[in-house]
Each structure stands twice: as structure tokens, then as C-alpha cells.
Amino acid sequence: MTIDLVLFLGLTLIAVAAAIAMIVSRNAIYSALFLVLNFLTVATLYLLLNAAFIAIVQITVYAGAIMVLFLFVIMLLGTERESIGGGIRWQMPVAIVLGLGLAGELAYILMRNDIAQGPLADLSAEFGSPASIGRVLFSEYIVPFEVTSILLLVAMIGAIVITRMQRRENK
Amino acid sequence: MNIPPAYVLTLSGILFALGIIGVLIRRNAIVIFMSIELMLNSANLALIASARMFGPAVEALRGHVFVFFVIAVAAAEVAVGLALIVAIFRSKESIDVDEVSSLRG
Amino acid sequence: MILLETVQGGGLFSYAPLIIALPILGLITNIIFGRRFGERFVGLVASGAVALAFVIAIMQFLALQAFPEGSTIPIAEWISIGRLSVPWSIKVDTLSTTMMLMVTGVSTLIHIYAIGYMHEDVRFQGDPGRYARFFIFFNLFVAAMMVLVSADNYLMMFVGWEGVGLCSYLLIGFWYEKGEDGIGNAVAGKKAFVTNRIGDFGFLIAMFLIFGAVGSLQFDQVFHWVHEHGLANIGVLTAATMFLLLGATGKSAQLPLFVWLPDAMAGPTPVSALIHAATMVTAGIYMIARSAPLFEVAQSTANLVAWIGAVTALFAATIAVAQSDIKRVLAYSTISQLGFMMAAVGIGAYVAGMFHLVTHAFFKALLFLSSGSVIQGVEHGHHHLEHGHGEPFDPQDMRNMGGLRSRMKVTFWVYLIGALALAGLPPLAGFFSKDEILADASTVNTGVYILLAIAAFLTAFYMGRQVLMVFFGKARSEAAAHAAENPPVMTIPLIVLAGLAIVGGALNIPGIHALTDWLEHTIAHVHATEFNVLVAGLSVLFALIAIGFSWLLYGRRTLEEGEPDPLRRILGPIFVGMENKWWIDELYDFLFIRPYIAISWFLADVVDWRFWHDWFHDSVLGSAYRNGSRWLAWVFDLRVIDGFANGLGIATKGAAQRLRVVQTGYVRNYALAVLVGGVLVLSYFIFG
């Protein structure tokens, strides 16, 4: 039991617990906050996996921007407390069973994967740094990079258009 | 850090399954959306683990770049999706997805 | 298509196909232009065509002088199926050229005669427009006869055989709306055709048997086969020759199929002269002569041929004695003389038969044409009378004639020559030919000789009777008293024929047997007949005695008007029998015609109408159909088919109702479905 493994198990537990709590909690704000916790845990895992840049991006964009947006909308719309399961009684048991089944299958596959078993090679500190990622990003993946910027523009315009108040019809 | 990547991948699988359960169980549209984000996140985790697996080769950084793009797209998607939910709320006064059942046959 | 390079013997032979083509050309010209250019044109074209054909025949004769073996001129390949190969080719040899010369020569004279005869006849019968049609049929007949005579194989001969039968039918019924009850002539034509058909049936069966045994219908090949295998296959050969004999009895009017010839006198006289005296009826004799090799081997059939010929000769002669119609006498005389020829070829005397065929053509055509002249003279007399029109008057009845010797001189003299030739008095042609037959018969078959001798006696008797009744004594009717001679266009051919009747005997005078030598090239094993003084003397004696008898009865005291025939008193019931043709027609009617008609009526009325139409169609088929469709519509269509169609709808509806529950409308359910699929697929990949 090395320190790495202990650390990893602890983080795993926290992440899974946060996810379960997100699903189960009745209050939407609580769900959002639990999700944020999950993201932070995963970011830590990234750091453990030599993905420094991505970890910071995760925290900044995902936990910082996206979840904040979620919280804004939750506040805007108000949260109803609804019963879990609701109208369709059989949906929840079936979903849980199947979901666990899926989890089991995935675990089965992934744990037995030969490539993923072995010891990992040592990496330099350059691996996962912004500079190295930037090098790859702006040389091989320049076109997807530019397209992504257009995508963000389009999403922005789309969001504004969809939520525009239709004043002219309310005369 | 010397964690067998298999464990990380298994964790990502479990988070993915939890995300699916969340989508299927909850009726609140926003919570469903958040479960989807959880699923995306688990995919990112798998990618990073795989990138680590293939070590010092510079091609391994592709995993990181991929995650970068996933996060960017997720951001765009969230924006639009939440805008849609807001628009639906305006007309239906509710974000219970079970209300959206006009296609009932 | 005339393959000149295969014509052996030189260029003249290659003109042979024209002998068929010229009459056809003539008839086509008359069909197209006849009506427009009038009677003179039609007559000229028709006679000219036949005259040119005669010239071609002479050319063949000349060619044969240089090359007596003859030649075959192929024209085209007609049938070529499997084993059967029948070419269309012309055989020019001494036998066929004899026939060609005789037919075209006599035809030319008769055509010229007919130009004048038909000019009056169409007016007597009241329909001048038919002039052209007559000559068209006449030319067609000559063409068909040429095909028959020049044939190289049995099938081509059969084509000509049928062709002349057709023309005979067309020409007998030329005045198709006249005769008894308005259809008499048509009925006579039909009788000729049907009776001939029975003969043709025989010919066909014979051809089938020959082809089956030999594998070919060509004369050369058949004769060669008979030469090689004849004795081994005597059964087939006998059968084939029997059927050929049946064909010959039909065409040449022998027992039992002779009944059509007397009725055929309903046609115009040139028709009787050409077709029923000189040419068509001789086709049967020619066919047997041509098939000589077959008959030489099948001796039993040849024997039968001779006996049939002899019996027919006697039988017909007895009938001729008592007839009162001038043409009927000649008709039965023709049947009798054909019997002579048939008997001749039956005993193997082919040359004698052909000789008599040629001379008989001369004097019988002469007699018929002269009788036509007589009839027309009497008709002229009848029409000149004031009160003659309106009364029924038969210009052909000899009892209405008499004393025409002074009024129609040319006709009288030529008629006398023809009658004496027929009776067989030397030195006229008939003596030599008939005597040769009698001489051959006396050495070969005494029974046949006796029958033929008696028939010759009767022949002389009835010809004497006829001449005396028609030309001597007083006129027995007003018409006869005013009869007039005919124009030269009719009398000149008569004179020519009379000349031929006088000198025709030169063809085969004993000693200089020209015809025997001539025919020897074609018919093997012919030998010149010795001149038998006893036979010749006996026949002349009998003829003179017979003429004496006739003078006793009809010449010494000539018949008065309305007086019955003196023979009736002498012979009594025998005369009645002779006059009524021995009731052969009535016998046939009773034996064959009535049962046949009864069967036809039965089949038509009972079987076809009452059973088939009324009962079967209406009751069985009709009601079955109606019931069937009723069942189909009400039971099957309504219940089963509609039920099926509706059932499909109901089933679909039910299924849809039940399947509807899947569409809950909840997005979450749909997502769950996706998950189910994903899990299953994944498990398949892992565990499957």
C-alpha cells in the first residue's frame, strides 16, 4: 500500500460519494454544489496524473464557469422539490439495476485490460505543462482550435437568440 | 505517481454509470443536465489516464488536447442547453421533464 | 432460276418451262386486260398462248430427235424436308412430249373453235360478259395439264392432277345458275369434283406408300428402286399400284367412278371436247403408262387394270346405245374408249394404249366440236322461229334433229369422218389404234379381247345410229328444219381435226411402227405388235355388220317426229335399263349419298344443336358458370376475401393498440431504452 494508492482510494471515495449525493439530493442547489466537489476531486486526480494544465482548466472553466452558470439558472428558475421517480414507478429500479450492470461490465473490461496494468514510465516535468500542450495545440490542432472559437461564438449567439424576450407579441 | 491506470479507468466507468443513473432517475431538467456533465467529466478522466499510460511519447499529449476541446465544447453546450431550458420554462412554467410528453402515443 | 448448266442435251430443251409459262401468261393477260379489249383480244391472246405452247412442244420434239434419251430441266427446289426432297423440274422425254404435242395441238384447235362457239353461246344463255372468264379458265387448264404431263415426280404430277380437276369443276359449272332448279350445272360440277376427290385420295395414299418404301417421289429413283427391290416388296408395290389405279379410275372415268362424266356435259361444248374427251380424262392412262415399271412388277394390279378397262368399255357402250342426248352418247363413248386404253395399258401394251389415246383425242374432239356445231345450228334455227321462244326446247336432243345433212354440209362430212374413225374402219386412224389393242389383247388375255370386241361392235352400232338420226331423214322439229351452218372460225378447226383423224393412223402403222420406236426410249420392254390379219379382219367385219344393223333400224325407214326408238320394241326392258344408265347413279345415291346425308343431319341437328348447344352449353356450362360465379361472389369474395382484408385491418389495429404503450412520451423512458441496448451490446461483446 503505497502512499499513491491510499491517496487515490481516498479521492475515489470522495468523488463517488459526491456523485451519488448529487444524484440523490432533492435540492438542486445542493446537487450543483456536490457536482462542484466532484469536479475538484477529479481535478486533483488530474494533477496526480501529470496533467497540470488540464487540472487548472478543469477548475477554472468547468467548476468555475460552467457550474456558476448552472447556479445562475437554478436561482432564476426556482427549484421544485419533486419526488424521485415520480409518475413512472418502475423507472427507478430498472435504471439502477441497469446502471449498476453497466458499471460492472465496464469495470470488468477495464480492470482486465493488459496495457493498463503495468508500471508507468517516468515523465519529465514538461509533460502536461502548458508549453508542451500549447506546442501540440497550435501546430497539429490549429484548425480544430479555430473551429472551436467559432463554435463558442455560435453558442453565444444561440443562447441569446433562444432566450430573447418576444416583446412584440404581447400587445 | 504510480497508480495502475486500470483503476483510474474503472473509476471513470463508475462515474459514467452514475451519470447515466442520474439522467434516468431525476425529473428536474437541470439536474439531468448536470448528470450529463458528470458523464462528460468521466470521459475526460479516462482520456487523461490513457494519455498518462502512453508516457513520454509526445503523441500522448493528444489526450490532453482532446480534453481541452471537450471542456470547451461542454461550455458551449451548457450555455445553449440552459438557454433552452429557460425558454421551455417560460412557456410551460415547469422544468419537470415528465411534463414534456406530447409525443405520447 | 433455270439452271442452264445442268440441262443436258442442248439448248432447245431449256425452252421447256415456257410450255407451262405461256398459258399462264395468257390467262394473266386476259385477267388484267380482258374486259377492256373485248372478245377478239381475249380469244386471240388465249389461242395464241396455247399455239405458242404447241410451238414449244414441237421444239422439244425436235430436240428429242437429236437426243432421244430426253432431259430433265430443274426449275427450283420446291420441298426439302428431312428425307423428302421434291424439286420442281420438267421431264422432257418421248412419252411426255407425245402428250405435250397432242394436248397443245388439240387445245389450239379447240381454242380457235371456242372463239366462235362462245361468241354465240354467251348470247344464247344471256350473259355476254362471261366470255373472258371462259378463256381464262381454259388457259389455266392447259397450264395445269402441262404441269401434269411434264412432271418429274409424283407430287408435281399430283399438282397438275388437282389443277385439271379444279379447272374441270370451274368449267362444268360455267353457267352456274342454269341447269335443273337453277343449280343443276353447279351440282354437276360438284359431282365431278367430289368423285375425282375419291380418286385423288387413292393417288395420295399411293404416293405415301411409294415414299415410305422408296424414300423419294422422283420417277427415276422410284423406277430404279422397283428394278432393284421390286420383287422383294411385292406387297407394298401391289398396294401402291392399287391406289394409283383408284386415282386413274377417278380421273379417267372408269368403273366405279365414271358417274361424273355424263353429268359433265352440262358445260359448254368446247369444254367437253377438250377436257372430257381429249386431255384431262387421258391423265389417268398417262399416269399408268408413266408408272409402267411398277405395273410390270405388280402383275395382279395390272391384271385388274385390264379387266376394269374391258368391263367399263362394254358397260359404257351398252348405255351409249340407248341415249337420246347427242352429247351423252359421246360421253359414254368416251368412257368406253377410255376403257379400251385402260385395258391396253393393263395388259402391258403401253404403245397401243398411247396410240389410241392420241387418235381418240383427234376424232373424239372432232365429234364433240361437231356436235357443238350441230347444237348451235339447231339453236340458230330455234331462234329464227316466230313462235319458238318461250317453249322449252332441248337443242341437244337427237329426237328433235334429223335431215341436217342438207342444211349443215361441212359439219355433216366431218362428223361422218369422225364417226367412221371411232367405229374403226380402215384406213382411218381409229382402225389402226383400236386394232393394235385388240391384237395385243388377243395374244395376252382372251377374256379381255372378247369384251373389247363386243364393245367395238356396239361402238360402231351406236355411232351409226347417231349419224343416221341426226343427219338423215326428215327434220323432226321446226328448229332443225331451219338450222344453219356455222362460221369458218368454227368449221376450219373441224376440218383440220378431220384431216388428223384420217391420217393419224400413220403414227404407228404395222411395219413402220414409228410410235413404238419413239416410246421405246422411255418405256422399256415395248415391242412392236405383229399385224394379226385375223383380228383385223374380224374387227372390220363386226364394224360393218354393226353399221348395217343401225342402217336397218334407223336408216331404211327414218324416224318420224315423236316416234319412239325402234330398239325399244326389240330389246324391251334391256333398252329401258340402257337408257337409264343401269340406274348406277340411283344405286350410289341409295348406298352412299343418303346414309351420308343422314349422318350429317344427325350430327348437325342432334349432336351439335340439341346436345352440344342446347343441353351442354346452356344447362351444363351455363348453369355451372352461373352457380360458380354466384358462389365466388357471395361466399368466397364476401366472406373469405373481405374477411381476410378486414381481418388484416383489425389485426393491425389490435397490434397497434398493444404496441402503443411503448410510446410513453417520457424522454426518460426513451433514454432507458438506449441504456438497455447499450448494456446488451456490451455484454454481447464481452461474453459473446
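See above for the structure.
Throughout what follows, the structure given in this document is the object of discussion. (Residues numbered from 1 in each chain as written. Chains lettered and ligands numbered in written order. Predicted model: local features only at pLDDT ≥ 70, side-chain atom pairs only at ≥ 80, totals over all residues.)

On to the overall build of chain C. Scanning chain C from N- to C-terminus turns up 26 helices and two strands. In chain C, buried positions account for 52% of the 688 residues. The contacts of chain C with a sequence gap of at least 6 include a subset with a gap of at least 24, amounting to 81%. (Helix = DSSP H or I, 4+ residues; strand = E, 2+ residues; numbered from the N terminus. Buried ≥ 20, exposed ≤ 12 C-beta atoms within 10 Å, placed from the backbone. Contact = placed C-beta atoms within 7 Å.)

A count of helices and strands for chain A gives six helices and zero strands. When the helices and strands of chain A are placed in sequence order, the string is α-α-α-α-α-α. A buried classification covers 26% of the 171 residues belonging to chain A. Counted over contacts in chain A with a minimum sequence separation of 6, partners at least 24 positions apart contribute 50%.

Listed as interface residues are 80 residues of chain A and, on the opposing side, 64 residues of chain B. Elements represented by at least two residues in the side of chain A that touches chain B include exactly helix H1 (3-24), helix H2 (28-48), helix H3 (52-77), helix H4 (91-112), helix H5 (130-137) and helix H6 (142-162) of chain A.

Turning next to the interface of chain A and chain C. Listed by partner, the interface residues are 10 residues for chain A and 10 residues for chain C. Of the residues contributing to the side of chain A that touches chain C, the split by class is seven nonpolar, two polar and one charged. (Nonpolar A, V, L, I, M, F, W, Y, C, P; charged D, E, K, R; others polar.)

Moving on to H1 of chain A. Helix length check: H1 of chain A, at 22 residues, gives a terminal C-alpha distance of 32 Å against a target of 32 Å (1.5 Å per residue), a fit within 8%. Inspection of H1 of chain A places Phe 8, Ala 15, Ala 18, Ala 19, Met 22 and Ile 23 of chain A among the buried residues, and these make up the whole buried set. Down the axis of H1 of chain A, the sector holding all buried residues measures 135°, keeping them to one side. The exposed residues of H1 of chain A that point more than 90 degrees off its buried face are Ile 3, Val 6, Gly 10 and Leu 13 of chain A. The elements touched by buried residues of H1 of chain A are H2 of chain A together with helix H1 (5-25) and helix H2 (29-53) of chain B. (Expected span 1.5 Å × (residues − 1). Arc of directions from axis to C-beta.)

Residues and elements named next belong to chain C. Where helix H12 (residues 299-321) contacts helix H18 (residues 446-471), the two axes come as close as 9 Å, and the packing angle between them is 25°. The orientation of H12 with respect to H18, classified from their angle, is roughly parallel. Of the two possible hands of crossing, H12 and H18 adopt the one that is left-handed. Facing H12, whose interface residues are Ala 306, Trp 307, Ala 310, Val 311, Ala 313, Leu 314, Ala 317, Thr 318, Ala 320 and Val 321, H18 presents Val 448, Leu 451, Leu 452, Ile 454, Ala 455, Leu 458, Thr 459, Phe 461 and Tyr 462. Among the residues forming the contact of H12 with H18, the class breakdown is 17 nonpolar, two polar and no charged. (Axes fitted to C-alpha atoms, helices over the stretch in contact; angles between N-to-C directions. Parallel < 35°, antiparallel > 145°, perpendicular 65-115°, else oblique. Left-handed = near helix turned anticlockwise from the far one by under 90°.)

Residues and elements named next belong to chain C. Here Ala 206 is to be found in helix H5 (residues 184-214). A residue is classified by how many C-beta atoms lie within 10 Å of it, and Ala 206, with 25 of them, is buried. The spatial distance from the C-alpha of Ala 206 to the C-alpha of Ala 240 is 4.4 Å, given a sequence separation of 34 residues. When neighbours within four sequence positions are excluded, Ala 206 is seen to be in contact with Ala 240, Phe 243, Leu 244 and Gly 247.

Okay, helix H13 (residues 326-346) of chain C next. All names here are of chain C. Taking 1.5 Å per residue as the helical rise, H13 with its 21 residues ought to reach 30 Å, and the 30 Å between its terminal C-alpha atoms agrees with that figure. A large share of H13 lies buried, amounting to 21 of its 21 residues. Immediately downstream of H13, the backbone of Gly 348 shows phi near 100°, a positive value.

When two helices pack together, their arrangement is given by the angle between their axes and by how far apart the axes lie. Residues and elements named next belong to chain C. Look at helix H4 (residues 154-172) against H5: their axes get within 8 Å of each other, and the N-to-C directions meet at 175°. Taken together, the axes of H4 and H5 lie roughly antiparallel to each other. Across from Tyr 154, Leu 155, Phe 158, Trp 161, Glu 162, Gly 165, Ser 168, Tyr 169 and Ile 172 in H4, the residues of H5 making contact are Asn 185, Ala 188, Gly 189, Ala 192, Phe 193, Asn 196, Asp 200, Phe 203, Met 207 and Ile 210. Split by residue class, the contact of H4 with H5 holds 12 nonpolar, five polar and two charged.

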